[in-house]
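Here's the letter readout for the chains.
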Amino acid sequence: MEICRTKSDIRTAVKQWRAAGESVGLVPTMGFLHEGHLTLVRAAKEACDRVIVTIFVNPTQFGEAADLDAYPRDEARDFALLEAEGVDAVFCPSVDEMYPADTQTTVVTERLEKMLMGELRPGHFKGVCTVVTKLFNIAQADRAFFGEKDYQQLLVIKTMVRDLDIPIEITGVPTVREVDGLAMSSRNVRLTPDDRKAALILNKALAFADYEVSDGRTASELEEAVRAFIAKEPRAQIESVDVRDAATLEEVTGQITAPVVILLAARFGDVLLIDQRVADPT
Ligand code: PAF
């Protein structure tokens with residue numbers, strides 16, 4: 001496995017593969033890899049001849065410096081996991097390599113940027129879009145793989161690729177869960193044992209919502225019912241519960257008649273967790 005720390009190193013590797021007619025898959029990550037990331041890697045390996053994983057804790061998508069500092073990192077462990085998966089190259093640039101002095105250009109998906117998680121964390125998706133565009137331009141891959149757990153992020157990236165005619169195919173990969181149902185996340189290691197147990201309420205709330213969606217409810221009734229369900233867990237501090245059109249993330253008025261996505265964000269201690277599920281009322 002090649003470890004590339006500069007743009008020119010990764011470009012050289014990709015150039016050789018392309019010259020040999022090989023397809024290239026890209027898995028962008030912020031490291032501290034878990035089974036969810038490895039599932040993306042396996043999907044990429046199945047679909048492409050060569051796979052690049054990027055590890056970059058992108059400062060521009062963090063609102064609070066404390067959150068960025070607390071983000072877990074373990075490069076040696078990440079490399080060992082990726083080597084075992086048969087990854088061809090890992091791109092792990094420094095902040096200066098990605099954002100040289102006087103960097104001034106950003107990428108924004110105007111409407112999606114301002115809603116839901118974007119409203120809670122202003123500037124977050126601008127940071128994501130900008131770094132992902134840069135990674136796409138640097139790696140020149142044919143396909144890129146992202147988890148469906150970050151539902152809004154996936155939609156934002158698909159929209160950006162469509163709007164800017166970026167020549168890459170985006171593949172969403174279903175959420176991987178622990179055996180007890182907690183969605184895998186690099187943040188889970190920061191949960192206390194009590195909060196780890198309490199966080200199971202999120203997956204339970206999604207199962208509840210899935211059941212309730214076919215019951216002729218309106219979106220706002222469903223949101224209220226899901227909030228009440230999560231509130232039964234005293235350790236959960238709800239940040240948001242949203243029931244939105246699954247294709248556009250627009251608000252749903254009246255009875256739910258088409259697929260919706262239920263998006264949850266809640267803090268357990270100081271750890272913000274998100275989870276989601278698409279539910280079809282038909
Ligand atoms: O989902 C993530 O880990 C990050 O938002 C991404 C896509 C790697 C961009 O920094």
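Heads up: these notes are all about the structure in this document. Quantities reported herein were computed from a predicted structural model and do not represent experimental measurements. (Residues numbered from 1 in each chain as written. Predicted model: local features only at pLDDT ≥ 70, side-chain atom pairs only at ≥ 80, totals over all residues. Heavy atoms only, no water.)

### Focus: the packing of aromatic side chains
Put simply, the rule is: In this scheme Phe, Tyr and Trp rings, the latter by its six-membered ring, pair at centre separations within 6.5 Å, and the angle between planes marks the pair as stacked below 30 degrees, edge-to-face above 60, and tilted otherwise. A helix here means a DSSP run of H or I that spans at least four residues, while a strand means a run of E at least two residues long, and both kinds are numbered starting from the N terminus. Accessible area is worked out with a 1.4 Å probe on protein chains only. A residue is then buried under 20% of its type maximum, exposed over 50%, and partly exposed in between. Two conditions define a charge sitting above a ring: the NZ of Lys or the CZ of Arg must be within 6 Å of the ring centre, and it must be within 35 degrees of the ring normal.
Enumeration according to the criterion identifies 4 aromatic pairs in this entry. Seen in terms of ring centroids, F56 and Y99 are 6.2 Å apart; in terms of plane orientation they differ by 45 degrees. Their pairing is tilted. You can see F56 sitting in the loop between β3 (50-55) and α3 (65-70) and its partner Y99 sitting in the loop between α5 (95-98) and α6 (110-114), a full 43 residues away along the chain. Residues F56 and Y99 agree in their burial class; the two are buried. Ring geometry for F62 against Y71: centres 5.6 Å apart, planes inclined by 80 degrees, an arrangement best described as edge-to-face. Here F62 and Y71 have matching classes, each one buried. Seen from the ring of F32, R77 lies directly overhead, with NZ or CZ sitting 5.2 Å from the centre.

### A look at the sheet that holds strand β6 (residues 169-173)
How we decide: Note on pairing: DSSP must find at least two bridges between two strands before they are called paired. Interaxial angles span 0 to 180 degrees and are taken between N-to-C directions of axes, which are lines fitted to C-alpha atoms, for helices over the stretch in contact. A contact between two residues is defined here by any heavy atoms of the two lying within 4.5 Å.
The 6 strands lie next to each other as β1-β4-β3-β2-β5-β6, forming an open sheet whose pairing is parallel. Of all strands in the sheet, those with a lone pairing partner are β1 (2-4) and β6, marking the two edges. Strand after strand, the sheet turns through a mean of 25 degrees between neighbouring axes, direction not considered. Of the strand pairs in this sheet, strand β2 (residues 24-29) and β3 are connected by 6 bridges, and their pairing is parallel. Bridge pairing in β3 places V27 opposite V53. Seen against the sheet, helix α8 (residues 124-139) touches β2, β3, β4 (89-91), β5 (143-147) and β6 and runs at an angle of roughly 150 degrees to β2. Contacting β5 and β6, helix α9 (residues 151-163) runs over the sheet at an angle of about 170 degrees to β6.

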